[in-house]
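Single-letter residue listing:
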Amino acid sequence: MTRPASATDLRINLVGLGCMLLATAAVVRWPVAPELAVVALMVAAGLPIALLDLLVHRVHRRPTTGLDWTAPRPRDPGRIARKLLGAVVAPGLVLAVYALAPEYQGSFYDRFYHFLWGWIPLATAVGVASIAWLDRWLVEPRDGYWHLGAALVGPRAEADGARVADLLRSWVVKGFFVPLMFVYAADNVVDVRADLVAHREGFLWWYELLFHGSFLVDVTFTTMGYLLTMRVLDTHVRSAEPTPGGWIVALVCYQPFFSLVARQYVHYDNGFSWATWLAPAPGLRAAWGSVILVLVMAFAFSTVTFGCRFSNLTHRGVLTNGLYRYCRHPAYVVKCASFWLIFVPFLRGTTLYDAVRDCVWLSFLCLVYWLRARTEERHLSRDPVYVQYALWMNEHSVFAPLGRWLPFLRYRPPVAAGLAFAADSEQNGGRRR
């Protein structure tokens, strides 16, 4: 068994990262609004990745796009009209939630709304043009938007409820995460600007700058990934998480749900600072902080590996390169490890009971991330490429020896996925291209 090819080219993604870092050096010094800075960073990162993917790998010709450029179809105005109706209704429902839900009122999302209202005209024009153009080249022209349109205006008997539900779930993902990640990115622009002029002791100055800079990279690539869902780039959503459990363990890690859970049930943050604890030993403090930075940078690097494909709760291609060459869920591993070093729950300065309790709650949060990994694997196992990758990782992951001692850490494909993979492997002579 061999490791399957990755859906992304890490070298191209690193070109995008380099362009973004150059743009960051400019926008953090120029007096532009944080939301405009975020747009500039996404363009700087996303444009070279998209162009190189098209020119070098010709991703628009991959079978996974669902496009066939050799057999154009006659234009069908009725089919296109139904698609356009679906393409208006799906994001329209998201906008209605923004307008009505209390969570999206107030000032927290102001920067996102400034971006949104400026972006809607361009997004509408590009969306209408791409739907009308790609309709001729789709292998299956009745996509999710068509089925939603058919469910609304007919023929209702031909509308596939499962396709409609999957489309709406993918828009819920985008509608929930884009505002949050965009605001986080704008906040990190502000943080990096503040770090550049802050007066801190040498190592702590570098620590804060690199810490916030790493998260700026992470949320910029994350936001860009949610926005660039395009068949031409092979970055479209192939399926959205279908189970309630998968949604629960993912959303509980994000606002506004995380604040409620952390405050009432999983309150592991005791406010104790590792930097204050190690202040009497500057060398040890620098070493401790450096390990945190390595973990945080590894987390950001995991996101960069996705290129234009990052998205929670969706399948948009299987990664097998970068840190995913060594671990199935590197982002979760390094993130949980960094929590223990940042929050140091075992050093609470009151009683032993408090320290044990905080350690238990942080362990519970790490368990949530383990459950996220499991639900993601269950979803991705519908793709035989992921089954092949995960089975290969059972023997080649850096955690493979640990998995032999703790079998629950090893990947076991669902029965249906395993049978599909076996049949696919047999059909291809026991090997996948």
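Residues numbered from 1 in each chain as written. Predicted model: local features only at pLDDT ≥ 70, side-chain atom pairs only at ≥ 80, totals over all residues. Heavy atoms only, no water.

Some remarks on the overall build of the chain
Alright, step 1. Secondary structure assignment for the chain yields 16 helices and two strands.
Alright, step 2. Across the 433 residues in the chain, those meeting the buried criterion constitute 48%.
Alright, step 3. Within the chain, contacts between residues separated by at least 24 positions form 78% of all contacts whose residues are at least 6 apart in sequence.
Alright, step 4. Accessible surface computed for the chain: about 21000 Å², of which carbon and sulfur atoms make up 68%.
Alright, step 5. Charge separation in the chain, taken as the distance between the mean sites of 41 positive and 30 negative side-chain charges, equals 5 Å. (Helix = DSSP H or I, 4+ residues; strand = E, 2+ residues; numbered from the N terminus. Buried < 20%, exposed > 50% of the residue type's maximum accessible area, 1.4 Å probe, protein only. Contact = heavy atoms within 4.5 Å. Areas by Shrake-Rupley, 256 points an atom, 1.4 Å probe, with all protein chains shown as cover. Lys, Arg positive; Asp, Glu negative; His and termini not counted. Charge placed at Lys NZ, Arg CZ, Asp CG, Glu CD.)

Focus on the pattern of salt bridges
Alright, step 1. Applying the stated criterion across every chain yields a total of 17 salt bridges.
Alright, step 2. For the salt bridge of Arg404 with Glu395, the shortest nitrogen-to-oxygen distance reads 3.5 Å.
Alright, step 3. For Glu395, a relative accessible area of 41% gives the class partly exposed.
Alright, step 4. For Arg410, the salt bridge goes to Glu395, with nearest N and O atoms at 2.8 Å. (Salt bridge = Lys/Arg side-chain N within 4 Å of Asp/Glu carboxyl O.)

Quick word on the packing of helix α7 (residues 202-227) against helix α11 (residues 282-305)
Alright, step 1. Where α7 meets α11, the axes come as close as 8 Å, and the angle between the chain directions of the two elements is 15°. If you check the angle between α7 and α11, you find them roughly parallel. For the pair α7 and α11, the sense of crossing is left-handed. Only Arg285, Ala286, Gly289, Ser290, Ile292, Leu293, Val296, Met297, Phe299, Ala300, Thr303 and Val304 of α11 make contact with α7, whose side of the interface consists of Phe203, Leu204, Tyr207, Leu210, Phe211, Ser214, Phe215, Val217, Asp218, Phe221 and Thr222. (Axes fitted to C-alpha atoms, helices over the stretch in contact; angles between N-to-C directions. Parallel < 35°, antiparallel > 145°, perpendicular 65-115°, else oblique. Left-handed = near helix turned anticlockwise from the far one by under 90°.)

Some remarks on α11
Alright, step 1. Over its 24 residues, α11 runs 34 Å from end to end, which matches the ideal 34 Å to within 8%, given 1.5 Å per residue.
Alright, step 2. Among the residues trailing α11, Gly307 stands out with phi positive, at a value near 60°. (Expected span 1.5 Å × (residues − 1).)

A few points about the state of the cysteines
Alright, step 1. Here the structure, examined in full by the defined rule, presents zero disulfides.
Alright, step 2. Cys336 supplies the cysteine sulfur nearest to Cys366, a cysteine that is in no disulfide, at a spacing of 3.7 Å. (Disulfide = S-S within 2.5 Å.)

Observations regarding empty space enclosed by the protein
Alright, step 1. Under the counting rule described, the total for this entry stands at one cavity of 30 Å³ or more.
Alright, step 2. The volume enclosed by the largest cavity comes to roughly 50 Å³.
Alright, step 3. Lining the largest cavity are 13 residues, and of these Ala7, Thr8, Asn13, Asp53 and Arg309 sit closest to its centre.
Alright, step 4. Ranked by residues supplied to the lining of the largest cavity, first place goes to helix α2 (residues 34-57) with three residues.
Alright, step 5. Each residue belonging to the lining of the largest cavity can be placed in one class, and the counts come to four nonpolar, five polar and four charged. (1 Å grid on protein atoms, 1.4 Å probe; cavity = no way out; pocket = protein on both sides within 12 Å on 5 of 7 lines; lining within 4 Å. Points joined across faces, edges and corners; volume = space filled by probe spheres on them. Nonpolar A, V, L, I, M, F, W, Y, C, P; charged D, E, K, R; others polar.)

A few points about the packing of aromatic side chains
Each aromatic ring pair is summarised here by two numbers: the centre-to-centre distance and the angle between the ring planes.
Alright, step 1. Under the criterion given, the structure shown has 35 aromatic pairs.
Alright, step 2. Judged by centre distance (5.1 Å) and plane angle (70°), the ring pair of Tyr207 and Trp274 falls under edge-to-face. Of this pair, Tyr207 sits in helix α7 while Trp274 is found in helix α10 (residues 274-277), placing the two residues 67 residues apart along the sequence. Accessibility classification places Tyr207 together with Trp274 in one group, the buried group.
Alright, step 3. Each ring, one from Phe339 and one from Phe343, has its centre 6.0 Å from the other, and the planes form 55°; the classification is tilted. Note that Phe339 and Phe343 are positioned in helix α12 (residues 330-343) at a spacing of four residues, about one turn of the helix. Here Phe339 matches Phe343 in class, with each residue buried.
Alright, step 4. Connected via pairs of aromatic rings, a cluster forms that spans Tyr98, Tyr104, Phe108, Tyr109, Phe112, Tyr113, Phe115, Trp117, Trp119 and Phe182. (Phe/Tyr/Trp six-rings, centres within 6.5 Å; stacked < 30°, edge-to-face > 60°.)

Re the nonpolar core
Alright, step 1. Core analysis: the largest hydrophobic core is formed by 101 residues, its most contacted members being Phe112, Phe177, Phe221, Trp274 and Ile292.
Alright, step 2. Counting residues per element, this core draws most heavily on helix α6 (residues 161-197), at 15 residues.
Alright, step 3. Every residue in contact with Trp274, bar those within four places of it in the chain, is listed here: Phe203, Tyr207, Arg285, Trp288, Gly289, Ile292, Leu341, Ile342 and Val344.
Alright, step 4. Core analysis: the next-biggest nonpolar cluster, separate from the first, contains six residues, Leu67, Leu134, Leu138 and Val232 among them. (Core = buried A, V, L, I, M, F, W, Y, C linked by side-chain atoms within 4.5 Å.)

Observations regarding the side chain of Glu377
Alright, step 1. Locating Glu377 in the fold gives a position in helix α13 (residues 352-380).
Alright, step 2. Classification of Glu377 by relative accessible area gives buried; the value is 4%.
Alright, step 3. Apart from residues no more than four positions distant in its own chain, Glu377 is found in contact with Arg328, His329, Tyr386 and Tyr411.

Focus: the confidence of the model for the chain
Alright, step 1. Predicted confidence across the chain gives a mean pLDDT of 92, with 95% of residues reaching 70 or more.
Alright, step 2. Of the regions scoring below 50 in pLDDT, residues 425-433 engages in seven contacts with residues more than four places distant in sequence or in other chains. (pLDDT = per-residue confidence, 0-100.)

Thoughts on the environment of Ala286
Alright, step 1. Tracing the chain through its elements places Ala286 in helix α11.
Alright, step 2. For the pair Ala286 and Trp340, spaced 54 residues apart in the sequence, the C-alpha separation amounts to 16 Å.

Regarding a nonpolar patch on the surface
Alright, step 1. Where nonpolar side chains cluster on the molecular surface, the patch consists of Tyr326, Val333, Phe364, Leu367, Trp370, Leu371, Val398, Phe399, Leu402, Trp405, Leu406 and Phe408 and spans about 1200 Å² of accessible area.
Alright, step 2. Where the nonpolar patch is concerned, the elements lending two or more residues are α13 and α15 (400-405).
Alright, step 3. For the nonpolar patch, the leading source of residues is α13, giving four residues.
Alright, step 4. Tracing the backbone through its elements, the reader meets Val333 in helix α12. (Patch = residues over 30% accessible without salt bridge, like charges linked within 9 Å, V, L, I, M, F, W, Y side chains within 5 Å.)

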